[in-house]
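Listed below are the residues making up each chain.
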Amino acid sequence: QVQLVESGGGLVQAGDSLRLSCAASGLTFSTTAMAWFRQAPGKERELVSGISWSGTNTYYEDSVKGRFTISRDNAKNTVYLQMNSLSPEDTAVYYCAAGIGVGPSESHRMRYDYFGQGTQVTVSS
């Protein structure tokens, strides 16, 4: 049984940082592309960042470029999202996703095989 468990969300002020973690189990993590999506109230779930299975290739949505960094540790079956200079516009539920055979910029949710339950990130002004 595949499980993706996110952690690290919380309530912070504008300009603060957070690091999200996603621990994966039940899949061959080292050969699976990973991504972070987010969904704000009343909006569609959107791709924030993706990383290839090797970690060589990454993708960032325009609004987070230069502020967010995705990384992975295949020895720990964990993917991370370091979020700096947070703004209220970043407030959303953040979801970890695993996609077998997808590229790091794949934005269609249906192409991903598994999603976690999500972690809330709230940024106050």
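Everything below is about the structure printed above this text.
Rules of the game
- Along each chain, numbering runs from 1 in the same order as the chain's sequence is written.
- The model is predicted, so local features are restricted to residues of pLDDT at least 70 and side-chain atom pairs to those at 80 or more, both for listing and for counting; the totals for chains, interfaces and linings are taken over all residues.
- To obtain the side-chain values, all non-hydrogen atoms of the structure were used and water was disregarded.
- Disulfides are defined in this document as cysteine sulfur pairs within 2.5 Å.
- Strands are runs of DSSP state E lasting at least two residues, helices are runs of H or I lasting at least four, and both sets are numbered from the N terminus onward.
- Working definition: rings of Phe, Tyr and Trp (its six-membered ring) pair if their centres are within 6.5 Å, and the pair is stacked with planes under 30 degrees apart, edge-to-face with planes over 60 apart, and tilted otherwise.
- Look at NZ for Lys and CZ for Arg. If either is within 6 Å of the ring centre and within 35 degrees of the ring normal, a charge sits over the ring.
- The set of buried Ala, Val, Leu, Ile, Met, Phe, Trp, Tyr and Cys residues whose side-chain atoms join them within 4.5 Å is what this entry labels a nonpolar core.
- Think of it in three bands: residues with accessible area under 20% of the maximum for their type are buried, residues over 50% are exposed, and the middle band is partly exposed, with areas taken using a 1.4 Å probe on protein chains only.
- By this definition, two strands are paired if DSSP reports at least two bridges between them.
- Think of each axis as a best-fit line through the C-alpha atoms, taken over the contacting stretch in the case of a helix, with angles from 0 to 180 degrees between the N-to-C directions.
- In what follows, residue pairs with any heavy atoms lying within 4.5 Å of each other are defined as contacts.

Caption draft 1: Looking closely at the state of the cysteines. Under the definition given, this model contains one disulfide. Bridging Cys22 to Cys96, the disulfide has an S-S length of 2.1 Å. Taking the sign of the torsion about the S-S bond as the criterion, the disulfide between Cys22 and Cys96, at about -80 degrees, is left-handed. Within this pair, whereas Cys22 is found in strand E3 (residues 18–25), its partner Cys96 is found in strand E9 (residues 92–99), the two being separated by 74 residues in sequence.

Caption draft 2: Region of interest: the packing of aromatic side chains. The final tally for this structure, using the stated rule, is three aromatic pairs. It is Arg45 that lies over the ring of Phe115; its NZ or CZ is 5.2 Å from the centre. The residue whose ring lies beneath Arg72 is Phe29, and the NZ or CZ to ring-centre distance is 4.4 Å.

Caption draft 3: Region of the structure containing the nonpolar core. In terms of nonpolar packing, the biggest core is built from 26 residues, with Met34, Trp36, Val79, Leu81, Met83 and Tyr94 touching the most fellow members. Every element with two or more residues in this core is listed here: E3, strand E4 (33–39), strand E5 (46–51), strand E7 (68–73), strand E8 (78–83), E9 and strand E11 (119–124). In this structure, Ala35, Phe37, Tyr95 and Ala97 belong to the second largest nonpolar core, which totals eight residues.

Caption draft 4: Structural detail: the sheet that holds E3. The four strands are arranged E1-E3-E8-E7 in an open sheet whose pairing can be described as antiparallel. Both edges of this open sheet fall to strand E1 (3–7) and E7, since each of them pairs with a single strand only. Strand-to-strand twist across the sheet, computed as the mean angle between neighbouring axes with direction ignored, equals 15 degrees. Alignment of E3 against E8, held across six bridges, turns out to be antiparallel. Opposite Leu18, over in E8, you have Met83 as the bridge partner.

Caption draft 5: Molecular detail of the pairing of E11. Where burial is concerned, the two faces of E11 differ: the one with Thr119, Val121 and Val123 is buried and the one with Gln120, Thr122 and Ser124 is not. Strand direction decides the pairing type here: strand E2 (residues 10–13) and E11, joined by four bridges, are parallel. Across the sheet, the residue bridging to Val12 is Val123, located in E11. Note that E9 and E11 share three bridges and pair antiparallel. What sits directly across from Tyr94, in E11, is Thr119.

Caption draft 6: The arrangement of the side chain of Arg67 in detail. Examined against the element boundaries, Arg67 turns out to sit in the loop between strand E6 (58–60) and E7. Given the relative accessible area of 17%, Arg67 is considered buried. Excluding residues that lie within four positions of it along the chain, Arg67 makes contacts with Gln82, Met83, Asn84, Ser85, Leu86, Ser87 and Asp90.

Caption draft 7: Representation of the environment of Ser85 in the model. Tracing the chain through its elements places Ser85 in the loop between E8 and E9. Residue classification places Ser85 among the partly exposed residues on the basis of a relative accessible area of 42%. Placed 50 residues apart in sequence, Ser85 and Ala35 show a C-alpha to C-alpha distance of 20 Å. With sequence-adjacent residues up to four places away left out, Ser85 is seen in contact with Gly15, Asp16, Ser17, Arg67 and Asp90.

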